[in-house]
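Descriptive analysis of the structure
Each chain is listed here by its residues.
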Amino acid sequence: MGQFPRARERLFRVIDASGVPGAVLLSGDRHISELSRHDEAAGDPLYEFTSSGLTHHAPVHEAANRHRVGPLVAALNYGLVTIDWAADPVTLRFEVRGTDNETLLDHTLSLSALRPSGGS
């Protein structure tokens, strides 16, 4: 998202104007995987989970991302998002797994973390 600042700001405005609480972006086709948290997006944090791909990967020297949560994964991988509706509070788990199903990134957050401003 950082390479297209005007498009990024427009996307943030549309998400903010929609009034949708706790939006999460799923993206791909960058030949890397990562989880980012964009606090400047709107009134609430916006998480972006990028996952790709099982057939291609980028060199390790990929550009820095000041919004990254956890490691950059530049190996063959796939992404998995699990929502645990039975948990109290409800949780979202973002995982990146390698070709042998090994865990390369694992981050869990509560659904309430998407709305820290107390919105409903």
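Our structure's up above, just so we're on the same page.
What counts as what
Residues numbered from 1 in each chain as written. Predicted model: local features only at pLDDT ≥ 70, side-chain atom pairs only at ≥ 80, totals over all residues. Heavy atoms only, no water. Salt bridge = Lys/Arg side-chain N within 4 Å of Asp/Glu carboxyl O. Buried < 20%, exposed > 50% of the residue type's maximum accessible area, 1.4 Å probe, protein only. Pairing = 2+ DSSP bridges. Helix = DSSP H or I, 4+ residues; strand = E, 2+ residues; numbered from the N terminus. Axes fitted to C-alpha atoms, helices over the stretch in contact; angles between N-to-C directions.

1. Points about the pattern of salt bridges
Scanning all chains against the criterion turns up five salt bridges. Residues Glu95 and Arg93 are paired through a salt bridge, measuring 3.4 Å at the closest nitrogen-oxygen approach. For Glu95, a relative accessible area of 2% translates into the label buried. By relative accessible area, which is 32% here, Arg93 ends up partly exposed.

2. Quick look at the sheet that holds strand E4 (residues 68–73)
Strand pairs in the sheet, formed through backbone hydrogen bonds, run parallel or antiparallel to each other. Reading across from one edge, E1-E3-E2-E4 is the order of the four strands in this open sheet, with mixed pairing throughout. Each of the sheet's edge strands pairs with one partner strand only, and the pair in question is strand E1 (24–27) and E4. Neighbour to neighbour, the strand axes of the sheet diverge by 15° on average, direction disregarded. Where E1 meets strand E3 (residues 46–50), four bridges bridge the pair, whose relative direction is parallel. If you follow Leu25 over to E3, its bridge partner there is Glu48.

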